[in-house]
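Each chain is listed here by its residues.
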Amino acid sequence: MNKRKKAALTTTHSLDLHDKGNEFRAQYKIVYQSFKEHPKTMLDVSLETGILRANICRYVADMEDKGLIQLLYKTEDEHTKFTAGYYTTDKELFRKVDNQQLKLFGEGE
């Protein structure tokens, strides 16, 4: 009988993980689209979407690694009154990468 319980728990657990992955992918897309509307803070996106800020931070870090999002500027946040970063996924708003650093060493020419 213990073996059956363990098997049932294992099966249920693996299904939960599968559903959780789909939920995170859906959240990732929602966060991406939210940042595309106009530059926002992570708190803005959290308040707008109801997605936990910890998840948004993780998604933003992943998007930065992939070059999908860029920090545009830092200024006072309207909610907290502390300095916060405003991000965008709209490629038209991205700052251009300065390639002069690469040219100093003869690379990128």
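What counts and what doesn't
Residues numbered from 1 in each chain as written. Predicted model: local features only at pLDDT ≥ 70, side-chain atom pairs only at ≥ 80, totals over all residues. Heavy atoms only, no water. Salt bridge = Lys/Arg side-chain N within 4 Å of Asp/Glu carboxyl O. Buried < 20%, exposed > 50% of the residue type's maximum accessible area, 1.4 Å probe, protein only. Helix = DSSP H or I, 4+ residues; strand = E, 2+ residues; numbered from the N terminus. Pairing = 2+ DSSP bridges. pLDDT = per-residue confidence, 0-100. Contact = heavy atoms within 4.5 Å. Expected span 1.5 Å × (residues − 1). Arc of directions from axis to C-beta.

(A) Representation of the pattern of salt bridges within the structure. According to the stated counting rule, one finds 3 salt bridges in the structure shown. In this structure, Glu48 and Lys40 form a salt bridge, with 2.6 Å as the shortest nitrogen-oxygen distance. On the accessibility criterion, Glu48 (43% relative accessible area) is partly exposed. Lys40 gets classed as buried once you look at its relative accessible area, which sits at 1%. For the salt bridge of Lys66 with Asp62, the shortest nitrogen-to-oxygen distance reads 3.0 Å. Residue Lys66 and its partner Asp62 are both found in helix H3 (residues 53-66); the two are separated by 4 residues, about one turn of the helix. Residue class for Lys66 comes out exposed when judged on its relative accessible area of 55%. Beyond isolated ion pairs, a larger network of salt bridges with shared partners links Glu37, Lys40 and Glu48.

(B) Main features of the environment of Leu72. Looking at the element boundaries, Leu72 is found in strand S1 (residues 70-76). Along the primary structure Leu72 and Lys40 are separated by 32 residues, whereas in three dimensions their C-alpha atoms are 9.5 Å apart.

(C) Here's a closer look at helix H2 (residues 42-49). Of all the positions in H2, only Met42, Leu43, Asp44, Val45 and Ser46 are classed as buried. After H2 finishes, the residue Gly50 shows a positive phi value of roughly 80 degrees.

(D) A look at the pairing of S1. When S1 meets strand S2 (residues 83-88), the two strands line up antiparallel, connected through 6 bridges. In the strand pairing of S2, Leu71 is matched with Tyr87. Count of turn residues in the S1/S2 antiparallel hairpin: 6 residues, of which Lys81 carries a positive phi of about 65 degrees.

(E) Layout of the confidence of the model for the protein. Taken residue by residue, the protein gives an average pLDDT of 82. The fraction at 70 or more is 70%. Of all secondary-structure elements in the protein, the lowest mean pLDDT belongs to helix H4 (residues 100-104), at 57, while H2 reaches the highest, 98. Considering only residues more than four positions removed or in separate chains, one finds that residues 1-17, a stretch of pLDDT under 50, has 0 contacts.

(F) Structural detail: unusual backbone geometry. Within the chain, Lys81 stands out as a residue other than glycine whose phi angle is a positive 65 degrees. Here Lys81 is to be found in the loop between S1 and S2. In this structure Lys81 comes out as exposed when scored by relative accessible area, which is 52%.

(G) Summary view of H3. In a regular helix each residue adds 1.5 Å, so 14 residues correspond to 20 Å; H3 covers 20 Å between its end C-alpha atoms and thus fits that length. Those residues of H3 that fall on the buried side of the exposure criterion are Asn55, Ile56, Tyr59, Val60 and Met63. For H3, the arc enclosing every buried residue in end-on projection is 135 degrees, short of the 170-degree limit, so these residues lie on one face. Turned more than 90 degrees from where H3 packs its buried face, Ala54 and Asp65 sit exposed.

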